[in-house]
Amino acid sequence: MSATDTPFDRAGDPYRVGRGRDWLSEGAGRGYVHATGHGEGGPASKRVIVGYGFWIFLLSDIVMFSAFFAAHAVLQTATAGGPSGRELFNWWSIVLQTAFLLVSSFTCGLSAVATEARSQLWTQIALLVTGLFGLAFLVLEGRDFAVMVMQGAGPDRSAFLSSLFAVVGLHGLHVSAGLLWLGTMMAQVFVKGFRPDILRRLVCFNLFWHALDIIWVALFTVVYLIGLGR
Amino acid sequence: MFGKLTWQAIPWDQPIPLVAGSVVVLIVLAILALVVLKGYLPYLWHEWITSVDHKRIGVMYTLLGLVMLLRGFIDAIMMRSQQAAAFRAAGYLPPEHYAQIFSAHGTIMIFFAAMPIMIGLMNFAVPLQLGVRDVAFPTLNSTSFWLTATGALLVNISLVVGEFARTGWLVYPPLSELPYSPGVGVDYYLWALLISGVGTLMTGINFVTTILKIRAPGMSYLRMTIFCWTALAANLLIVAAFPILTATLGMLALDRYLGFHFFTNEAGGNMMMFINLIWAWGHPEVYILVLPAFGIFSEVISTFSGKPLFNYRSMVAATMFICLVSYMVWLHHFFTMGAGADVNAFFGISTSIIAVGTGVKIYNWLFTMYGGRIRFTTPMLWSMGFLVTFVIGGMTGVLLAVPPADFLLHNSLFLVAHFHNVIIGGVLFAAFAGITYWFPKAFGFKLDEGWGKAGFWLSLLGFYVVFMPLYVAGLLGMTRRLQHYDVAAWRPWVLVAGIGIIIMMAAAACQVAQFVVSIRRREELRDETGDPWNGRSLEWATTSPPPPFNFAVLPNVQGAEPYWEIKRRAIETQHLSPEPKYEPIEMPRNSPTGFITAFFSTITGFALIWHIWWLVGLGLVAAYAVFVWFAWRDAVEYSIPAEEVARYDRERRRAREQWLAQHAGQPA
């Protein structure tokens, strides 16, 4: 294990942001002595660039969610004579979903620890457990959706239900996409090992999975807690 | 098997779209045949289609934008001629066709002409001006471009297969909901914009990361060019605004496809929510277009005045001020919603305030020119035409920002004249200024000045003859999007505008001639120095066209206007800087990922429009397969050996030494 292929590169990055190893060519961009800390040290390392870009993506994703949240806030009372949240929400299912998702985030964090220790076995186990909890979350959510549709409370019943299915479903879609990604990440780690590019992707996947948790906390509050009061 | 798609989808009974469509199909087939027969295909595939070089992608973006600009211009000609003919008469375009034309005109001009040209110029110039070798995510960049091309392709397919939206360019519900627009027109609109919107969002992420994290050593924030600053602001706006567009159009798609009730009349839907959401994207979008335009004018005016930009810091502050305030004005697009006096007053005031930032910039440009040794080249003419035109457009905008006045002028031709005034006078003039300014950098020869200047003067004249009468017609009460009309007082103004569009056609012909003539005379127009305009920023420090790696050694930036400093030092000392030590350079490999992704996106989009569900599934599975295949690649980069870098750079230094000898003894 060399110093430059770790995700939390101790040799240069990310703690010396923009002043470490050059981005494209070794040598160029080095040795600038007047750096003032305003990004004057030349291109940042790939580790920083990838992480930073992914953060920007996550922020844009959160903006998209915020549009759906805004729509739900506007339409939360537009039940059009149909059922409201209080009549529909299955409290225990929601609590379980929350628990599954939070635990999956914890195991996702454990996978990062295992990755840093370069343990193939424990990384795979932690990722697998993460995926299973994610899957369990999706099954519960899908069951809730199916029950509601069967009761005649599908998204076409009222504007409230449209926005509910859309915002919760969008989060569910993200979790599903995350599971596909997780599967390919496990395969990549297994076949290619802890290569620097694979490690960068693992960092991004971790960020993504934790961001889904943050969005779920907002969902839990805005859709379910406030919805139960309506 | 093929969903809603039948032979009836092709408009056999409507001669205009059928003939236009057939001509386009024939031209495309002829070009494809030429490419295949002449054996250009491998060249195109290796050097352009799979290229991840930001300069190549920038050129392709700009080319796409120019072609779509012509397409949108043909729509404009049809609208002006229809209105000229349709006084107490039916004209030659039936209402349902006319409605498609004005919807397609707006959609194409904003999303597939103005946006690609601006993003193309950013792609080309920003990494060069930052003094680096590429953007943060080169393959993603290529994917962005090809997804934009997918959107443009879908909109143009609607010309021959099916129909386009008849709802205006922002598909307001409830008109755009299924009961009132049962055809595929709105679906074409939705999927074209959802797919190309993903591409634009990825561009935003890419450029924010590039500008904030990848700069040459010493390039601190306040040493970046104004174009880089405005590109940063525009891309921040993209990252924050385009997700709202995706969400809004996604909701409308859910309404249309799965019977949701976001914006419907019944079951509690709220159509004003659509108007709010779409303009929460739409107003920042205006600044996504015009901020890079301001950046281009800053570069051009400074270069051709032979002076540093006046009050650089206030320019940066004004740019970021506009970036921020652009999110606080969206309601001025619908003061008539009836949100009440207080809300309207807030948005009226914030709209007036945003003009202050632009006003600061206008004065900065004027004072840059003041006392300068101005060279009246084509890019400079476009910039000066902009200064006059944009001020008029800005002032009519401030007029519209007063809610009581807006109640009278809402949806009138006065409004149409206003936004064309700022978009043509601001964005389009900037596009032409930027293209003529950076063309020699991209291709190694200048554009013909004669045809360029003729194009400019005719455009300027044509613009005023078309749109000043429309201001008057709007004040006389003429609303927008009229297929025919009966009011005699409007007639003369509409006719004058019709004459104006003929002048604009002459201008467009000159612009096309400019490219044709320049390409034929390229040996005379050749620039060997890499610095044809006596430029000030780093893109002029390398050769024209630049090598794939842009700079043999990343420049060491020691002040604002780094290249100007380098030149001055060279003239003072009569020596170039000592030859650096050359090292091998790692560059990203070409990748067909973007093209293949766009191919399957086109198929998926088309299948969604026509409800061909098995094809949708196939397209999505293929997209996932491409993702995995791309993730599996092992060789990401290739290495350019140090000898080759040295050979290239020594050649460049020889050209510069010749230049230096010519400038011996000149005052710096």
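No experiment lies behind these values; they were computed from the predicted model shown.

About the cut-offs
Residues numbered from 1 in each chain as written. Chains lettered and ligands numbered in written order. Predicted model: local features only at pLDDT ≥ 70, side-chain atom pairs only at ≥ 80, totals over all residues. Domains from an automatic or database assignment. Nonpolar A, V, L, I, M, F, W, Y, C, P; charged D, E, K, R; others polar. Helix = DSSP H or I, 4+ residues; strand = E, 2+ residues; numbered from the N terminus. Buried ≥ 20, exposed ≤ 12 C-beta atoms within 10 Å, placed from the backbone. Contact = placed C-beta atoms within 7 Å. Bend = angle between axes of the 7 residues up to and from the residue.

So, the domain arrangement of chain B
All names here are of chain B.
(1) Moving on: When cut into domains, chain B gives domain 1 (1-39), domain 2 (40-591 + 633-662) and domain 3 (592-632).
(2) Moving on: Here the C-alpha centroids of domain 1 and domain 2 sit 29 Å apart.
(3) Moving on: In the side of domain 1 that touches domain 2, the residues fall into eight nonpolar, three polar and two charged.

As for the environment of B:F386
All names here are of chain B.
(1) Moving on: Summarising the element assignment, F386 is placed in helix α11 (residues 378-400).
(2) Moving on: For F386, a count of 29 C-beta atoms within 10 Å puts it in the buried group.
(3) Moving on: Residues within four places of F386 in sequence aside, it is in contact with F297, G425, G426, F429 and A430.

A closer look at helix α13 (residues 413-443) of chain B
(1) Moving on: At B:Y437, α13(B) shows its largest bend, some 35 degrees, and a proline, B:P440, comes one to four positions later.
(2) Moving on: Downstream of α13(B) by one or two residues, B:G444 has phi in the positive range, about 85 degrees.

Describing the interface of chain A and chain B
Much of the literature gives interface size as the accessible area that the parts lose upon coming together.
(1) Moving on: Residue-level contacts link 48 residues of chain A with 48 residues of chain B.
(2) Moving on: At the level of secondary structure, the elements contributing two or more residues to the side of chain A that touches chain B comprise α1 (46-75) and α5 (159-192) of chain A.
(3) Moving on: Considering each element in turn, the side of chain A that touches chain B owes the most residues, 16 residues, to α1(A).
(4) Moving on: Class assignment of the residues belonging to the side of chain A that touches chain B gives a composition of 26 nonpolar, 17 polar and five charged.

Examining the environment of B:V496
Residues and elements named next belong to chain B.
(1) Moving on: Assignment of secondary structure puts V496 in helix α15 (residues 491-520).
(2) Moving on: By the C-beta count within 10 Å, which is 17 here, V496 ends up partly exposed.
(3) Moving on: It is 47 Å that separates the C-alpha atoms of V496 and F260, two residues lying 236 residues apart in sequence.
(4) Moving on: Excluding its chain neighbours within four sequence positions, the residues that come into contact with V496 are V465 and P469.

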